[in-house]
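Close look at the chain arrangement
Now for the letters of each chain:
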Amino acid sequence: MSSRRYEDYDQFCDPENPKKLNFEDIVEASEASRPFIPVTPCYLSQTRNDFAINFYYKLETVHRTGSFKERGALNALQKLPRDKKKIGVVLASLGNQAIGLCHCARLLSIPVVVVMPVNVPLIKLQLCKNLGAKVIVEGSDLQEAQKHARFIARDKGLSYINGRDHPDVLTGYGGVALEILEQVPSVDAILVPVGTGGLIAAIATVIKHVKPSCLVYGVQSEVMPTFFESMEKGQPVTKPMQNSLADGIAMPYVGVNAFYNALPLVDRMILLKEDWIARTILYIVEKERFVVEGAAACSVAPILNSLVPELKTKNVVCVLSGGNIDATLLSRSLDRGLAASGRMIKFKVGIRADSAAMAELLKLLSDGGYNILRQFMDHIWVEEEIHYVETKIVCQSRDLQHAIQLKRLIEEAYPKTAVFETEPLNDKHMCPCYIKK
């Protein structure tokens, strides 16, 4: 460590000395967690026959705090020396890690300080406060928040826990894989959402030890392909931070320990378009009646979008990693999913500025079975004809084929002025689960 003697140093996440996960430690951590963390269910999909894949949902959403993070937090806290438990811990988090750790710390009567960046969702900040933690808002991103958390640890003598890469946290995550092997012994593949890589590293460690033939696939958004590119290059990379529907796994860097353990074990990484994630959230809500966050939906999206043809007829488990999505984001995600699948359509058309012309347009929509959601008439910014008005409409259709019919009707009735502002109808990547066969 002589070449790197600086004050802000995390000995448990050292790039020069990554920690290897141990299968026996994972088994021990899983057994120790039983009094506090129940086994989560693994449900067979109701729509599996539509895709010729026998796929299951591993519902990590049913944990008390809504995500798998409890598993790692509990193990890290249980491993602390008794004197360190009395003093307390500090961590930085975007939400789920802190919520899980605060819950477990309250069970074990351990004081907690949480540092969150300024852009953290308010609902997650408030949940940490409700669980008894002292919350400090500091930093523009997670890395700055982590730096401040390490400063507090040095200043106050608290134990700093990197909720995304501490080896004890990753060891706790391995319980997910142990339960999957018990619940679906014939599993052929597991699809895992990937951010900094802790969950997939732990799952792959267990699976490749017990059942090497089982495939382990990681999935993340193409907006933040940090782990994907790191795997391709064989070394960690960093990316500029970008917003994503899968905000829980939109990370600009990979975990030191996570990447070290995952690199030789993960079989494939898959990237997703943002619209695919939105469609998958909608699909899971409508078809399976589960509420999931964008990160969790990533594990199901490759099946819905025919990205894994090699898994046809196989037994596949999709890890639904969390369900902590606030109501506003859920609403926006559902709307985007509807739009991306052609079930919510936005267009504008120029019509005469009189009630008869408006009635004709509304009758065309009504006769076609389309529901109008929003309507706006612009009388001012019409350049060519003062007697015309630009009408913007957002409406609902039954499915993609119904949307295509609407486009044809509008373009035939208003050939010179019809403009469809969003074009999911021409998207060749349209999710096949929404296309009428």
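Described in the following lines is the structure provided in the data block. (Residues numbered from 1 in each chain as written. Predicted model: local features only at pLDDT ≥ 70, side-chain atom pairs only at ≥ 80, totals over all residues. Heavy atoms only, no water.)

Each pair of packed helices gets described by two things: the angle between the helix axes and the distance between those axes. Closest axis-to-axis distance for the helix H16 (residues 355-367)/helix H17 (residues 400-413) pair is 11 Å, and the angle between their directions is 155 degrees. Here H17 runs roughly antiparallel to H16, going by the angle between their axes. When you trace H16 past H17, the crossing you get is right-handed. Note on element contacts: H17 touches H16 through Leu406, Leu409, Ile410 and Ala413, opposite Leu361, Leu364 and Leu365. Within the contact of H16 with H17, the residues separate by chemical class into seven nonpolar, no polar and no charged. (Axes fitted to C-alpha atoms, helices over the stretch in contact; angles between N-to-C directions. Helix = DSSP H or I, 4+ residues; strand = E, 2+ residues; numbered from the N terminus. Parallel < 35°, antiparallel > 145°, perpendicular 65-115°, else oblique. Left-handed = near helix turned anticlockwise from the far one by under 90°. Contact = heavy atoms within 4.5 Å. Nonpolar A, V, L, I, M, F, W, Y, C, P; charged D, E, K, R; others polar.)

Now for the packing of aromatic side chains. Counted under the stated rule, the structure contains eight aromatic pairs. Between the aromatic rings of Tyr43 and Phe290, the centroid separation amounts to 6.2 Å while the plane-to-plane angle is 15 degrees, which identifies the pairing as stacked. Note that Tyr43 is positioned in strand S1 (residues 42-44) and Phe290 in the loop between helix H12 (274-288) and helix H13 (294-297), a separation of 247 residues in sequence. Tyr43 sits in the partly exposed class, given a relative accessible area of 44%. (Phe/Tyr/Trp six-rings, centres within 6.5 Å; stacked < 30°, edge-to-face > 60°. Buried < 20%, exposed > 50% of the residue type's maximum accessible area, 1.4 Å probe, protein only.)

Burial within strand S10 (residues 315-320) is extensive, with six of its six residues counted as buried. On S10, burial covers both faces: Asn315, Val317 and Val319 on one face and Val316, Cys318 and Leu320 on the other are all buried. In this sheet, S10 lies alongside strand S2 (residues 54-59) in parallel orientation, the contact comprising six bridges. By the bridge assignment, Tyr57 is partnered in S10 with Cys318. (Pairing = 2+ DSSP bridges.)

Formed by 65 residues in total, the largest nonpolar core has its most connected members in Leu77, Val112, Ile190 and Ile203. The element best represented in this core is helix H9 (residues 198-210), accounting for eight residues. If we skip the residues at most four places from it in the chain, Leu77 touches Lys85, Val89, Leu101, Cys104, Ala105, Leu108, Ile110 and Ile161. Grouped together as the second largest cluster of nonpolar side chains are 37 residues, Tyr57, Ile281, Ile284 and Ala297 included. (Core = buried A, V, L, I, M, F, W, Y, C linked by side-chain atoms within 4.5 Å.)

With the rule as written, the count across this model stands at 14 salt bridges. A salt bridge links Arg71 to Glu179; the shortest N-O distance between them is 2.9 Å. A residue pair is termed long-range when its members are at least 10 positions apart, and Arg71 in helix H2 (residues 69-78) and Glu179 in helix H8 (residues 175-183) qualify at 108 residues. Residues Arg71 and Glu179 agree in their burial class; the two are buried. In the salt-bridge network here, residues are joined through shared partners; they are Arg34, Lys58, Glu60, Arg71 and Glu179. (Salt bridge = Lys/Arg side-chain N within 4 Å of Asp/Glu carboxyl O.)

All quantities given are derived from atomic positions and should not be read as evidence of function.
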